[in-house]
Amino acid sequence: MPSIFSYESAEIDWCEGNFEHSAIIAEYYNTVRRAISNLLYGSGEPLRDSLLSLALWALVSAKPGLLACIFSTYFHMTLSYVGQLLDELSILWALAAAYSFWYPKVYFPKFIKSRKHFFWLSGVTTLITTLMSFIKPALNAYVLNCIAFHLLYLTWRELKKCNDKRVHRTAAAMVVWWVLAISSWISDRWLCGFWQAINFPYFHSFWHVLIAMSLLYCCPLVIYFDVNYELPSFKPKIRYWPSDSWFVVVPYVALEKPYKQC
Ligand SMILES: CCCCCCCC/C=C\CCCCCCCC(=O)N[C@@H](CO)[C@H](O)/C=C/CCCCCCCCCCCCC
Ligand SMILES: [Ca+2]
Ligand SMILES: [Zn+2]
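Quick summary incoming for the structure in this document. (Residues numbered from 1 in each chain as written. Chains lettered and ligands numbered in written order. Predicted model: local features only at pLDDT ≥ 70, side-chain atom pairs only at ≥ 80, totals over all residues. Heavy atoms only, no water.)

### Examining the site of ligand 1
Close to ligand 1 lie 25 residues, the nearest being Arg 34, His 76, Asp 87, Trp 185 and Trp 207. Taking Ser 72, its side chain carries an N or O atom lying 3.2 Å from an oxygen atom of ligand 1. A distance of 3.4 Å is found between an oxygen atom of ligand 1 and a side-chain nitrogen or oxygen belonging to His 208. Across the complex, the protein chains shield 99% of the 960 Å² of accessible surface that ligand 1 would expose by itself. If you map ligand 1 onto the pockets, it falls in the largest cavity. Within the residue set of the shell around ligand 1, elements represented by two or more residues are α2 (51-78), α3 (81-102), α5 (137-160), α6 (165-190) and α8 (203-230). If one sorts the elements of the shell around ligand 1 by residue count, α8 sits on top with seven residues. (Near = heavy atom within 4 Å. Polar contact = N/O pair within 3.5 Å; in protein donor to acceptor, adjacent residues only side chain to side chain. Areas by Shrake-Rupley, 256 points an atom, 1.4 Å probe, with all protein chains shown as cover. 1 Å grid on protein atoms, 1.4 Å probe; cavity = no way out; pocket = protein on both sides within 12 Å on 5 of 7 lines; lining within 4 Å. Sits in = over half its atoms within 2 Å of the grid points. Helix = DSSP H or I, 4+ residues; strand = E, 2+ residues; numbered from the N terminus.)

Structure, rendered in structure tokens:
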């Protein structure tokens, strides 16, 4: 009986051939491109030019989210059962942390009266889903990806109330990158036979870069809406680095204190 740490003991195997480029890295391109997208994921941090967004970012999503990136790299190196579960559970916990801190109060269920209650609800839900993830690990990634549809719904509701063109541009970019990312993820899972027949089994490695790009736009949006709800004395602005005129930009949140009227 192979150990849960053994190479290729995971319930999932991606389209890329195993050990074709290295004796110790099972999926070379999935591992390398994962590492590159880690840099993308981390690169947005220094551009947040306010202590508040840095603190929030560091406190909540950067650490668990970066753990997801590290475990995903380990998963592709080994394709082990432990690697798969660490990858998926770290995403679950990163999402749970992000929801716990940043889910707008206006969307709380009626029986939830405070952020503290919502923390408890998130914690219990995360514990139950963590235990359930061991039942059929092959389904975990599909369930996790469905969370993106809830994020799309929340974005749609917030954009209906917002007239800031930059916010709309950032949300549109986030959705475009996510559509490209999820298309690559599904293509690798369901059309692997075709891609292997034409010797091009790299769509999952594209997923890693594309989902990192989508998150690069998602996180400033989340912080923007959070500041609007939680810090009404500040005026959040979405800005682009290096400048608006570039096609691919790194968005970040700038906090402008409105001028005192008196
Ligand atoms: C108020 C809510 C705020 C939410 C902010 C979002 C915080 C995101 C935190 C963590 C997400 C990390 C996702 C990176 C995944 C890297 C690991 C990976 O790719 N693993 C794969 C195997 O290598 C595995 O098959 C993937 C499993 C599913 C990943 C699900 C991603 C969650 C959805 C992220 C939302 C993207 C934003 C776009 C919304 C339209
Ligand atoms: Ca493979
Ligand atoms: Zn992957």
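Now that the structure is up, let's keep going.
### Quick notes on the coordination of the zinc ion (ligand 3)
For the zinc ion (ligand 3), the protein coordination sphere consists of His 76 (NE2), His 204 (NE2) and His 208 (NE2), at 1.9 to 2.0 Å. For the zinc ion (ligand 3), the four donor atoms in the first shell make angles of 95 to 123 degrees at the metal, a pattern classed as tetrahedral. Between the donor residues of the zinc ion (ligand 3), the gaps in sequence give the motif H-x127-H-x3-H. Residue His 76 is located in helix α2, and its partner His 208 is located in helix α8; the two are separated by 132 residues in the primary sequence. On the basis of relative accessible area, His 76 is assigned to the buried category, the value being 1%. Assessed through its relative accessible area of 2%, His 208 is described here as buried. (Donors = N, O, S within 2.8 Å, 3.2 Å for Na, K, Ca; no water. Tetrahedral: all angles 85-135°; square planar, octahedral: opposite > 155°, others 65-115°. Buried < 20%, exposed > 50% of the residue type's maximum accessible area, 1.4 Å probe, protein only.)

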